[in-house]
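Now for the letters of each chain:
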Amino acid sequence: MKIFLLGGTKDSVNIIEHVKSNYDAYILTTTTTEYGAKLALEGGSDETIARPLLKDEIIRIFTEGNFDILIDATHPFAEHITQTSASIAEELNIPYIRFERPTTNLENVDTTRIHYVNSFDDAGKLIESDFPEGNVMHFAGANTMEEVLKYVSTERFYPRILKVASSIEKCEKLDVDSDHIIPMKGAASKEENIDLIEKYGASVMITKESGEIGGVIEKIEAANEKDIAIIMIQRPKIDGLNKNDIVSNLDELDIKLKNFF
């Protein structure tokens with residue numbers, strides 16, 4: 001069995017480890033960064049491609065490599081690639097699985113400091129109008145900074161990003177001081193988040209609703225303890241997906257995969 005895996009997330013690494021431990025499978029993982037590819041290889045992926053791929057490239061690699069199944073385990077906010085992968089599967093009439101991490105269970109979490117918005121543009125506007133004082137910690141990746149910085153001064157802005165060339169270049173382009181960059185190495189603990197809030201004098205934290213695996217609860221608990229606001233960007237609703245193709249855990253993935261082994 002040859003699996004074409006759209007990865008770059010902790011979910012995708014978990015899938016690689018699980019599949020390689022339980023099935024006779026060859027896995028090609030695509031990621032947008034060298035760091036993501038490194039994690040995929042460490043997880044057991046047989047091969048990686050570490051750059052964004054256009055639709056035509058995915059189709060060519062899939063067909064020329066005689067892959068059997070396409071699994072999309074990209075981030076919940078990677079709306080474009082998920083729509084693209086679903087359309088590829090439909091065009092080629094190939095088996096397709098979308099691994100969609102569950103939303104965060106906030107049943108026993110104090111959510112009174114959370115302000116929900118639908119975009120990073122809205123997040124920037126909200127900070128400009130309601131939180132004009134104190135610093136802003138941006139826990140949502142380098143690709144989302146520009147929308148916020150239309151409304152927020154770089155003097156107040158502290159992004160937590162992977163210290164890779166592409167992210168550093170984005171910071172330089174947007175005039176974000178290198179001293180403001182918070183290096184990211186996976187999800188932070190509550191205590192680590194508290195330390196960052198204190199160190200940078202933050203009054204606001206921006207994050208995505210990226211699920212528990214993305215450290216959302218630890219961010220909320222830290223913000224609650226330090227009494228600062230959280231601006232949470234809600235997940236996009238992705239059109240074009242068949243609900244029967246979506247799984248949200250490894251047990252559900254197994255049920256799908258066993259149809260092919």
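A brief structural summary. Throughout, a residue's number is its position along its own chain's written sequence, starting from 1. Per-residue local features of the predicted model are confined to residues with pLDDT of at least 70, and side-chain atom pairs are confined, for both listing and counting, to 80 or more; whole-chain, interface and lining totals are unaffected and use all residues. Hydrogen atoms and water are omitted, and side-chain values are computed over all heavy atoms in the structure.

Some thoughts on the overall build of the chain
Here is step 1: Elements are defined by DSSP. Helices are runs of H or I of four residues or more, strands are runs of E of two residues or more, and each kind is numbered from the N terminus. Within the chain one finds 10 helices and 12 strands.
Here is step 2: This radius of gyration counts C-alpha atoms alone. The globule rule is 2.2 Å times how many residues there are, raised to the power 0.38. A compact globule built from 261 residues should have a C-alpha radius of gyration of about 18 Å, and the chain, at 19 Å, falls within 12% of that.
Here is step 3: By residue count, 49% of the 261 residues in the chain fall in the buried class.
Here is step 4: Counting every atom, the chain has about 12,900 Å² of accessible surface; 45% of that belongs to carbon and sulfur.
Here is step 5: Each charge sign in the chain was given a centre, from 28 positive and 46 negative side chains, and these centres are 1 Å apart. To sort residues, take the accessible area from a 1.4 Å probe on protein chains only and compare it with the maximum for the residue type: under 20% means buried, over 50% means exposed, and anything in between is partly exposed. Per-residue and other accessible areas were derived by the Shrake-Rupley procedure at a 1.4 Å probe size, with only the shown protein chains allowed to occlude residues. Only four residue types enter the tally: Lys and Arg on the positive side, Asp and Glu on the negative side; His and the chain ends are excluded. Lysine's charge is taken at NZ, arginine's at CZ, aspartate's at CG and glutamate's at CD.

What to know about the pairing of strand 1 (residues 2–6)
Here is step 1: Of all five residues in strand 1, four are buried, a share of seventy percent or more.
Here is step 2: Convention used here: a crossover is right-handed provided that the path from the first strand, over the helix, to the second strand proceeds clockwise when the strands point away from the viewer. Handedness of the crossover is the feature at issue here: the chain leaves strand 1, passes through helix 1 (residues 10–22), returns alongside strand 2 (residues 26–31), and the resulting connection is right-handed.
Here is step 3: Two strands are said to pair when DSSP picks up at least two bridges between them. Alignment of strand 1 against strand 4 (residues 69–72), held across four bridges, turns out to be parallel. Bridging across to strand 4, Ile3 finds its partner in Ile69.

Things to note about the sheet that holds strand 2
Here is step 1: The strand order 3-2-1-4-5-12 describes an open sheet built from six strands, whose pairing is parallel. The sheet is open, and its two edges are formed by strand 3 (47–50) and strand 12 (246–247), each paired on a single side.
Here is step 2: When strand 2 meets strand 3, the two strands line up parallel, connected through four bridges. Paired with Thr29 across the bridge in strand 3 is Thr48.
Here is step 3: Here a residue-residue contact requires only that any non-hydrogen atoms of the pair lie within 4.5 Å. Only the stretch in contact is used when a helix axis is fitted, and all axes are lines through C-alpha atoms; the angle between N-to-C directions ranges over 0 to 180 degrees. Packing of helix 4 (residues 79–92) onto the sheet brings it into contact with strand 1, strand 4 and strand 5 (96–99), and relative to strand 5 it is tilted by some 160 degrees.
Here is step 4: Of the strands in this sheet, strand 4, strand 5 and strand 12 are in contact with helix 10 (residues 250–257), which crosses strand 5 at around 180 degrees.

Section: the packing of aromatic side chains
Here is step 1: Two rings from Phe, Tyr or Trp (for Trp, the six-membered ring) form a pair when their centres sit within 6.5 Å of each other. Planes less than 30 degrees apart are called stacked, planes more than 60 degrees apart edge-to-face, and all others tilted. On inspection of all chains with the given rule, the structure shows five aromatic pairs.
Here is step 2: Seen from their ring centres, Phe4 and Phe62 are 6.0 Å apart, and the 50 degrees between their planes marks the pair as tilted. Placement of Phe4 in strand 1 and of Phe62 in helix 3 (residues 55–64) is noted, with a sequence separation of 58 residues between them. When sorted by exposure, Phe4 lands in the same class as Phe62, which is buried.
Here is step 3: The interplanar angle of 85 degrees and the centroid separation of 5.6 Å between the aromatic rings of Phe4 and Phe67 together place this pair among those described as edge-to-face. Placement of Phe4 in strand 1 and of Phe67 in the loop between helix 3 and strand 4 is noted, with a sequence separation of 63 residues between them.
Here is step 4: A relative accessible area of 0% places Phe4 in the buried class.
Here is step 5: Among the aromatic residues, those joined into a ring-pair cluster are Phe4, Tyr26, Phe62 and Phe67.
Here is step 6: Comment: the charge-over-ring label is applied if NZ (Lys) or CZ (Arg) is within 6 Å of the ring centre and within 35 degrees of the ring normal. Here the guanidinium or amino end of Lys2 rests over the ring plane of Phe67, the centre of that ring lying 4.7 Å away.

Let's talk about the sheet that holds strand 9 (residues 182–183)
Backbone hydrogen bonds are what pair the strands of a sheet, in a parallel or an antiparallel way.
Here is step 1: Taking strand neighbours across the sheet as the criterion, the six strands line up as 6-11-10-7-8-9 in an open arrangement whose pairing is parallel. At either end of the open sheet lies a strand with only one pairing partner, and these are strand 6 (114–117) and strand 9.
Here is step 2: In this structure, strand 10 (residues 202–208) lies alongside strand 11 (residues 229–233), joined through five bridges in parallel fashion. Of the residues in strand 11, the one forming a bridge with Val204 is Ala229.
Here is step 3: In this fold helix 5 (residues 120–130) packs onto strand 6, strand 7 (135–139), strand 10 and strand 11, with an angle of close to 160 degrees to the strand it touches most, strand 11.

Quick word on a negative patch on the surface
Here is step 1: Within this analysis, patches are made of residues with over 30% relative accessible area and no salt bridge. Like charges are joined at 9 Å or less; nonpolar side chains (Val, Leu, Ile, Met, Phe, Trp, Tyr) at 5 Å or less. Salt bridge, as used here, is a side-chain nitrogen of Lys or Arg placed within 4 Å of a carboxyl oxygen of Asp or Glu. Together, Glu191, Glu192, Asp195 and Glu221 line one region of the surface with negative charge.
Here is step 2: Among the elements that line the negative patch, the one with the most residues is helix 8 (residues 190–200), at three residues.
Here is step 3: Structurally, Glu221 can be placed in helix 9 (residues 216–226).
Here is step 4: On the basis of relative accessible area, Glu221 is assigned to the partly exposed category, the value being 34%.

As for helix 4
Here is step 1: To estimate the expected span of a helix, count its residues, drop one, and scale the result by 1.5 Å. Taking 1.5 Å per residue, 14 residues should reach 20 Å; helix 4 reaches 20 Å between its end C-alpha atoms and fits that length.
Here is step 2: Of the residues making up helix 4, those classed as buried are Ile81, Thr82, Thr84, Ser85, Ala86, Ile88 and Ala89.
Here is step 3: For helix 4, the secondary structure elements touched by its buried residues are strand 1, helix 3, strand 4 and strand 5.
Here is step 4: Looking one or two residues past helix 4, Asn93 carries a phi angle of roughly 55 degrees, positive in sign.

Focus on the packing of helix 3 against helix 4
Here is step 1: At a minimum axis separation of 10 Å, helix 3 and helix 4 run at an interaxial angle of 45 degrees. By the criterion of interaxial angle, the relationship of helix 3 to helix 4 is oblique. In this structure, helix 3 meets helix 4 at a crossing whose hand is right-handed. Note on element contacts: helix 4 touches helix 3 through Ile81, Thr84, Ser87, Ile88, Glu91 and Leu92, opposite Lys55, Ile58, Ile59, Phe62 and Thr63. Convention used here: angles under 35 degrees read as roughly parallel, angles over 145 as roughly antiparallel, angles from 65 to 115 as roughly perpendicular, and any remaining angle as oblique. Note on convention: near helix rotated counterclockwise from far helix by under a right angle means a left-handed crossing. Clockwise means right-handed.

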